[in-house]
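# Structural overview
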Amino acid sequence: MTWNVNEALVELLGDDGYLFHDKKGRPIELPQALAPLADSHGHLTHFRKNDPAVALARAALVGVRLLVVPLDPVGDAHDAPATLAWLDRVIVQAAELLDAAAARGVVPPVVSGYEDAPELLDNVRIVAGAHPYGAEAFLGRGVSERSDAAFGEASHEALQTLLQSPRCVGVGEFGLDFGPYSKLGPEVQADAFVEQLRLAHELGLPVELHLRDEEDGVHTTGHDLALEVLTREGVPAEGCDLHCYTSGPEVLEPFTKLGCHAAFGGAVTFARSEDIRAAAVVCPAHLLLSETDSPYMAPVPLRGQECQPAMVAYSAACVAATRDEAGISTPDETYRALWENACTLLRRR
């Protein structure tokens, strides 16, 4: 279907100019960001409802100045050249849309003291790695057409292409998943984990890790095994991000001792996420990150909608308020840390 900038502008601004609305169509106010916003992990390839170009333009208008898009050589980016070309087109479309919005007087905000922050469309980056769901296929094991040796070889070639892109700033997301949707055992997941971790060491790149434990609330197999691997293999000197952190402070502590970052997304805003907020409080300021993991887990007050990168404004505000209430840091300090940490870890090399 042909992309139409005028139709996209209506989708972006609606009739009232508000960027977000609740399920009943009522406008939702944005929290005031005290620094440029960074979405350190937001999928643009997984949307079912949102137009990626509109989502990207909306993120710019909210004040997002850095977006890192994960791409999976087993899944959404198996045809790596086509995926990278698609991302370039989305950015061009978002630029056209922002020009149209500017003609209406709607432009991205500039935070005092951060006038030199890059424009979002000049700062869309990628990380590339095989998600643990695809570990068997990535390694070329099994008998299905998506897990034979030829598919595994093609996935490795796609990964190399993605990692060579000038947009690439890291390896990920890869890791370990023992949740209800994972069908693979620990051995094959650990093998894919180690292979990609070693690749990051070789290339001098940071990593974004996907770690999910069992849902019984007792076992922490994913984090325990990851900690064992990181201790044995070493955390890349360029850094490690525990993407979409949803555990408590006790699980986080040994990772921060290794120098790992923790990225907090929409789940930190949920009413029953006291343990995640406690982790956000104890996380050292220099290891804090913000993300969305869009299109999943939209934050309060937009929970239930399809998440998008602009919604990082709400999770960042929650982390800042939580740390302020705990007397750990002021909102200004937290916003600055979230921005500067992302720029340091996920910078173009």
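Predicted, not measured: the structure shown is a model, and the values here were computed from it. (Residues numbered from 1 in each chain as written. Predicted model: local features only at pLDDT ≥ 70, side-chain atom pairs only at ≥ 80, totals over all residues. Heavy atoms only, no water.)

Another aspect to go through is the pattern of salt bridges. According to the stated counting rule, one finds 10 salt bridges in the structure shown. Note that R198 and E233 form a salt bridge whose closest N and O atoms lie 2.9 Å from each other. Remark: E233 occurs in helix 7 (residues 221-233) and R198 occurs in helix 6 (residues 186-203); sequence separation between them is 35 residues. Here E253 and K257 are joined by a salt bridge, their closest N and O atoms 3.6 Å apart. Here E253 pairs with K257, and both are found in helix 8 (residues 249-257), just four residues apart, close to one helical turn. Here the salt bridges do not stand alone but share partners, grouping R198, E228, R232 and E233 into one network. (Salt bridge = Lys/Arg side-chain N within 4 Å of Asp/Glu carboxyl O. Helix = DSSP H or I, 4+ residues; strand = E, 2+ residues; numbered from the N terminus.)

Taken as a whole, this structure holds three aromatic pairs when the rule is applied. Here F20 and Y314 contribute two aromatic rings whose centre-to-centre distance is 6.0 Å and whose plane-to-plane angle is 70°, an arrangement assigned as edge-to-face. Taken together, the residues F20 in the loop between helix 1 (5-13) and strand 1 (37-39) and Y314 in helix 10 (residues 312-325) connect sequence positions 294 residues apart. Here the two residues F20 and Y314 agree in accessibility, since each one is buried. For the pair Y245 and F264, a centre-to-centre distance of 5.9 Å together with 75° between the ring planes defines the contact as edge-to-face. (Phe/Tyr/Trp six-rings, centres within 6.5 Å; stacked < 30°, edge-to-face > 60°. Buried < 20%, exposed > 50% of the residue type's maximum accessible area, 1.4 Å probe, protein only.)

This part covers the environment of L66. Relative to the assigned elements, L66 resides in strand 2 (residues 64-71). Relative accessible area serves as the criterion here: at 1%, L66 is assigned to the buried category. For the pair formed by L66 and Q93, sequence separation is 27 residues and the distance between their alpha carbons is 17 Å.

Glancing now at the nonpolar core. In terms of nonpolar packing, the biggest core is built from 119 residues, with L12 and F264 touching the most fellow members. Not counting the four nearest positions on each side in its chain, F264 is found in contact with Y245, I276, A279, A280, C283, L288, L289, S290, E291, S315 and V319. (Core = buried A, V, L, I, M, F, W, Y, C linked by side-chain atoms within 4.5 Å. Contact = heavy atoms within 4.5 Å.)

It is worth spelling out the pairing of strand 4 (residues 168-177) at this point. The two faces of a sheet get side chains in turn, since along a regular strand they alternate between them. Within strand 4, 10 of the 10 residues are buried, which leaves the element mostly enclosed by the surrounding structure. Relative to strand 4, strand 3 (residues 124-128) is paired through three bridges, and the arrangement is parallel. Bridging from a neighbouring strand, I126 pairs with C168 of strand 4. Bridge count between strand 4 and strand 5 (residues 207-212): six bridges; the pairing is parallel. What sits directly across from V171, in strand 5, is V207. (Pairing = 2+ DSSP bridges.)

Before going further, it helps to spend a moment on the sheet that holds strand 7 (residues 261-264). Strand order in the open sheet made by the eight strands is 1-2-3-4-5-6-7-8, with parallel pairing throughout. The strands lining the two open edges of the sheet, one partner per strand, are strand 1 and strand 8 (288-290). Here the strands of the sheet are splayed against their neighbours by 25° on average, with no regard to which way each runs. Along the sheet, helix 2 (residues 52-62) contacts strand 1, strand 2 and strand 3; its crossing angle with strand 2, the most-contacted strand, is approximately 145°. Relative to strand 1, helix 10 is tilted by about 115°, and along the sheet it contacts strand 1, strand 2, strand 7 and strand 8. (Axes fitted to C-alpha atoms, helices over the stretch in contact; angles between N-to-C directions.)

The next thing to look at is helix 7. The end-to-end C-alpha distance of helix 7, which contains 13 residues, comes to 18 Å, matching closely the 18 Å that a straight helix rising 1.5 Å per residue would cover. All buried positions along helix 7 are accounted for by G222, H223, L225, A226, V229 and L230. All buried residues of helix 7 project into a common sector of 165° when viewed along the axis, lining one side. Residues of helix 7 that are exposed and point more than 90 degrees away from the buried face comprise T231 and R232. Contacts made by the buried residues of helix 7 are with strand 4, helix 6, strand 5, strand 6 (240-242) and helix 8. G234 lies just past helix 7 and shows a positive phi near 95°. (Expected span 1.5 Å × (residues − 1). Arc of directions from axis to C-beta.)

A word on helix 6. Its 18 residues place the ends of helix 6 26 Å apart at the C-alpha level, agreeing with the 26 Å of an ideal helix rising 1.5 Å per residue. Among all positions of helix 6, only V188, Q189, A190, A192, F193, V194, Q196, L197, L199 and A200 are buried. On its buried face, helix 6 sits against helix 4 (135-139), helix 5 (149-163), strand 4, strand 5 and helix 7. Once helix 6 ends, the next one or two residues include G204, with phi positive near 70°.

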